[in-house]
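A look at the structure
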Amino acid sequence: MPNDYRKSFHDDLNELKAGVLHLAAMATETVAQATEVLLTGDMEGAARLIEGDDALDEVSVDIDERCFRLLARQAPVAGDLRAIVATMRINSDLERSGDLMVNVAKAARRMYGVEIPPRLRGLLQDMSYEAGRLLRLAGDAYSENSGALGDALHDVDDRLDALQREMVLAVFESHAKGEIDVSVAVQLAVISRYYERVGDHAVNMGERVLFMAEGSLPEHNGAARARARREARVAGATDAAGIDAAAGADGATAADVGAKTG
């Protein structure tokens with residue numbers, strides 16, 4: 001590429017990155033907003049959050065369109081191609097995280113007037129904090145192009161996973177004590193899953209940052225193991241066929257050949 005053409009391309013990439021970081025900030029803010037709505041029963045706030053998802057979607061659609069234009073017009077390769085493809089996946093994770101918090105706001109409307117027991121309120125606040133922290137760290141990893149930070153999000157997410165399991169058990173216990181009815185118990189268990197899924201999306205973002213920075217993904221390791229197992233099976237079948245052929249030529253059984261070669 002000519003130098004001015006290359007500069008224009010990287011200017012476009014920088015604008016794309018700024019858009020993603022803006023979306024990340026928006027998605028992170030929805031976590032705190034949804035939790036506030038849930039714990040205070042603020043129906044006006046719930047309505048604002050649900051309606052505000054349109055703005056988040058608008059930013060997400062714009063990011064996708066920018067990615068498509070860069071792919072079509074610039075024909076990027078190597079690291080630049082990885083950056084655009086990873087950005088499209090990260091964009092999807094952020095948009096979906098916003099949707100999950102909209103689901104929390106809708107659940108809050110269904111639970112209007114319900115008094116959430118203190119222990120469950122505390123767990124919801126803890127889950128909200130961890131989900132928001134994971135999104136912020138994923139945004140930092142993307143901003144800094146840090147594969148190491150992106151990869152570390154797997155470990156950070158363990159805390160949120162543990163909280164989600166604790167929340168589900170606490171919901172069952174609260175229902176058993178008569179503190180909440182079954183419909184509320186179901187809603188709270190599902191809400192805990194929404195927070196946990198936000199953490200999963202943040203981990204996905206971290207994996208995409210690792211791909212951007214180093215060109216590798218965890219599933220690449222899985223694919224390599226699958227190929228190795230497949231090749232081992234093929235090699236084993238070939239060896240077995242060779243033994244069978246030798247046995248047929250000598251008029252002996254495969255077991256006889258095996259005994260001779262043993």
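As the structure is a computational prediction, the values presented were derived from the model and not from experiment. (Residues numbered from 1 in each chain as written. Predicted model: local features only at pLDDT ≥ 70, side-chain atom pairs only at ≥ 80, totals over all residues. Heavy atoms only, no water.)

Time to look at the overall build of the chain. Per the secondary structure count, the chain includes eight helices and zero strands. Along the chain direction, N to C, the helices and strands of the chain fall in the order α-α-α-α-α-α-α-α. Classification of the 262 residues of the chain by burial places 41% in the buried group. A separation of at least 24 residues holds for 80% of the contacts in the chain among residues at least 6 apart in sequence. If you sum the accessible surface of the chain, you get close to 13,600 Å²; carbon and sulfur atoms cover 52% of it. (Helix = DSSP H or I, 4+ residues; strand = E, 2+ residues; numbered from the N terminus. Buried < 20%, exposed > 50% of the residue type's maximum accessible area, 1.4 Å probe, protein only. Contact = heavy atoms within 4.5 Å. Areas by Shrake-Rupley, 256 points an atom, 1.4 Å probe, with all protein chains shown as cover.)

With 65 residues, the main nonpolar core has Leu38, Leu94, Met101, Leu124, Leu188, Ile191 and Tyr195 as its most contacted residues. At 13 residues, the largest contribution of residues to this core is made by helix 6 (residues 182-214). Residues contacting isoleucine 191, with those up to four places away along its chain left out, are Leu38, Val104, Ala107, Met111 and Leu124. (Core = buried A, V, L, I, M, F, W, Y, C linked by side-chain atoms within 4.5 Å.)

A separate point is helix 4 (residues 118-144). Relative to the 39 Å expected for 27 residues at 1.5 Å per residue, helix 4 spans 39 Å between its end C-alpha atoms, a close match to the ideal helical length. At the exit of helix 4 stands asparagine 145, carrying a positive phi of roughly 50°. (Expected span 1.5 Å × (residues − 1).)

Looking at the secondary structure, you find leucine 56 in helix 2 (residues 43-74). Exposure remark for leucine 56: the relative accessible area of 3% places this residue in the buried category. In sequence terms leucine 56 and histidine 22 are 34 residues apart; their C-alpha atoms lie 9.6 Å from each other. Beyond its immediate chain neighbours, meaning those up to four positions away, leucine 56 contacts Leu23, Met26, Ala27, Thr30, Leu94, Glu95 and Gly98.

Time to look at the side chain of histidine 201. With respect to the element layout, histidine 201 can be found in helix 6. Judged by relative accessible area, histidine 201 falls into the buried class, the value being 7%.

The next point concerns the side chain of glutamate 130. On the secondary structure map, glutamate 130 appears in helix 4. On the basis of relative accessible area, glutamate 130 is assigned to the buried category, the value being 7%. One polar contact links glutamate 130 to arginine 133, side chain to side chain, over a distance of 3.1 Å. Aside from chain neighbours lying at most four places away, what touches glutamate 130 is Arg159, Leu160 and Leu163. (Polar contact = N/O pair within 3.5 Å; in protein donor to acceptor, adjacent residues only side chain to side chain.)

This part is about the packing of helix 5 (residues 147-176) against helix 6. Where helix 5 contacts helix 6, the two axes come as close as 8 Å, and the packing angle between them is 175°. By the angle class used here, helix 5 and helix 6 are roughly antiparallel. Its residues assigned to classes, the contact of helix 5 with helix 6 comprises 15 nonpolar, eight polar and eight charged. (Axes fitted to C-alpha atoms, helices over the stretch in contact; angles between N-to-C directions. Parallel < 35°, antiparallel > 145°, perpendicular 65-115°, else oblique. Nonpolar A, V, L, I, M, F, W, Y, C, P; charged D, E, K, R; others polar.)

Taken together, the side chains of Asp151, Asp155, Asp158 and Glu214 define an acidic patch exposed on the protein surface. Here the negative patch gets three residues from one element, more than from any other, and that element is helix 5. Within the secondary structure, aspartate 155 sits in helix 5. (Patch = residues over 30% accessible without salt bridge, like charges linked within 9 Å, V, L, I, M, F, W, Y side chains within 5 Å. Salt bridge = Lys/Arg side-chain N within 4 Å of Asp/Glu carboxyl O. Lys, Arg positive; Asp, Glu negative; His and termini not counted. Charge placed at Lys NZ, Arg CZ, Asp CG, Glu CD.)

Turning our attention to the pattern of salt bridges. In this structure the tally under the stated criterion is eight salt bridges. A salt bridge links glutamate 130 to arginine 133; its shortest N-O distance comes to 3.1 Å. Of the two residues, glutamate 130 and arginine 133 are both situated in helix 4; the distance of three residues between them amounts to about one turn of the helix. Accessibility expressed as a relative area gives 27% for arginine 133, which makes it partly exposed. In this structure, glutamate 196 and arginine 193 form a salt bridge, with 2.2 Å as the shortest nitrogen-oxygen distance.

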